[in-house]
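A structural walkthrough
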Amino acid sequence: QVQLVESGGGLVQAGGSLRLSCAASGRTFSSLAMGWFRQAPGKEREFVAVISRNGIITDYTDSVKGRCTISRDNAKNTVYLQMNSLKPEDTAVYTCAADDLPRPIGTYRIDGRMHYWGKGTLVTVSS
């Protein structure tokens, strides 16, 4: 089993920045593809970003491209989501996820199928 614990959420004004962190345990971190998903009030969960096991390949949903950066530190078993130029529509619960299957990175934006999920951290962007 993989345990995922997110941190870094909070209240920020539009145009501001936040960095989310997700600490993983229970499995060799470098064997996991890692991703971030979000769910806004009244909406379905959506894909935000994913990063490959070695950190070389990333993918983002179109609405955050150029504003968000996903990264990982395999020595610290942690994945990050740096979010800049935040907008009110970015308000959501952001959840970290992990997958131990050898799937192409580009598939996660299509089906969002991850094996392990954190409990999420709330990001609120005020206008």
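Structure report, in brief. (Residues numbered from 1 in each chain as written. Predicted model: local features only at pLDDT ≥ 70, side-chain atom pairs only at ≥ 80, totals over all residues. Heavy atoms only, no water.)

**Focus: the pairing of strand β7 (residues 68-73)**
Where burial is concerned, the two faces of β7 differ: the one with Cys68, Ile70 and Arg72 is buried and the one with Thr69, Ser71 and Asp73 is not. As paired strands, β7 and strand β8 (residues 78-83) are joined by six bridges and run antiparallel to one another. Residue Ser71 lies in a different strand from β8, and its bridge partner there is Tyr80. Counting the residues in the hairpin turn of β7 and β8 gives four residues, including Asn77, whose phi is positive at 55 degrees. (Buried < 20%, exposed > 50% of the residue type's maximum accessible area, 1.4 Å probe, protein only. Helix = DSSP H or I, 4+ residues; strand = E, 2+ residues; numbered from the N terminus. Pairing = 2+ DSSP bridges.)

**Some details on the side chain of Thr61**
Checked against the element boundaries, Thr61 lands in the loop between β6 (58-60) and β7. Classification of Thr61 as buried rests on a relative accessible area of 14%. Here Thr61 is in contact with Phe47, Val48 and Arg109, once residues within four sequence places are set aside. (Contact = heavy atoms within 4.5 Å.)

**Observations regarding the packing of aromatic side chains**
What the rule picks out here adds up to two aromatic pairs. Look at Phe37 and Phe47: their rings are 5.8 Å apart centre to centre, the planes differ by 75 degrees, and that puts the pair in the edge-to-face class. Taken together, the residues span a long stretch of sequence, with Phe37 in strand β4 (residues 33-39) and Phe47 in strand β5 (residues 46-51) at a distance of 10 residues. Residue Phe37 is classed as buried on the basis of its relative accessible area of 3%. Through a chain of ring-to-ring contacts, three or more aromatic side chains come together here, namely Phe37, Phe47 and Trp117. The ring of Tyr108 is capped by Arg103, whose NZ or CZ atom sits 4.8 Å from the centre of that ring. (Phe/Tyr/Trp six-rings, centres within 6.5 Å; stacked < 30°, edge-to-face > 60°. Lys NZ or Arg CZ within 6 Å of the ring centre and 35° of its normal.)

**What about the nonpolar core?**
Side chains of a nonpolar character, in soluble globular proteins, are inclined to be buried together. Counting residues in each nonpolar core, the largest one holds 30 residues, and the members touching the most others are Leu4, Met34, Trp36, Val79, Leu81, Met83 and Tyr94. Put simply, the parts of the chain that give this core at least two residues each are β3 (18-25), β4, β5, β7, β8, β9 (92-99) and β11 (121-126). Excluding its chain neighbours within four sequence positions, the residues that come into contact with Tyr94 are Glu6, Leu20, Trp36, Phe37, Arg38, Val48, Leu81, Met83, Gly120, Thr121 and Val123. Listed in part, the eight residues of the second largest apolar core include Ala33, Phe47, Val50 and Tyr108. (Core = buried A, V, L, I, M, F, W, Y, C linked by side-chain atoms within 4.5 Å.)

**Let's talk about the state of the cysteines**
Under the defined criterion, the tally for this structure stands at one disulfide. Between Cys22 and Cys96 runs a disulfide, and the two sulfur atoms are separated by 2.1 Å. Across the S-S bond linking Cys22 and Cys96, the dihedral sits near -80 degrees, which makes this disulfide left-handed. Separated by 74 residues along the polypeptide, Cys22 in strand β3 and Cys96 in strand β9 bring together distant segments of the chain. Here Cys22 falls in the buried class, since its relative accessible area comes to 0%. Residue classification places Cys96 among the buried residues on the basis of a relative accessible area of 0%. In this structure Cys68 is not part of a disulfide, and its nearest cysteine sulfur, from Cys96, lies 15 Å away. Judged by its relative accessible area of 6%, Cys68 falls in the buried class. (Disulfide = S-S within 2.5 Å.)

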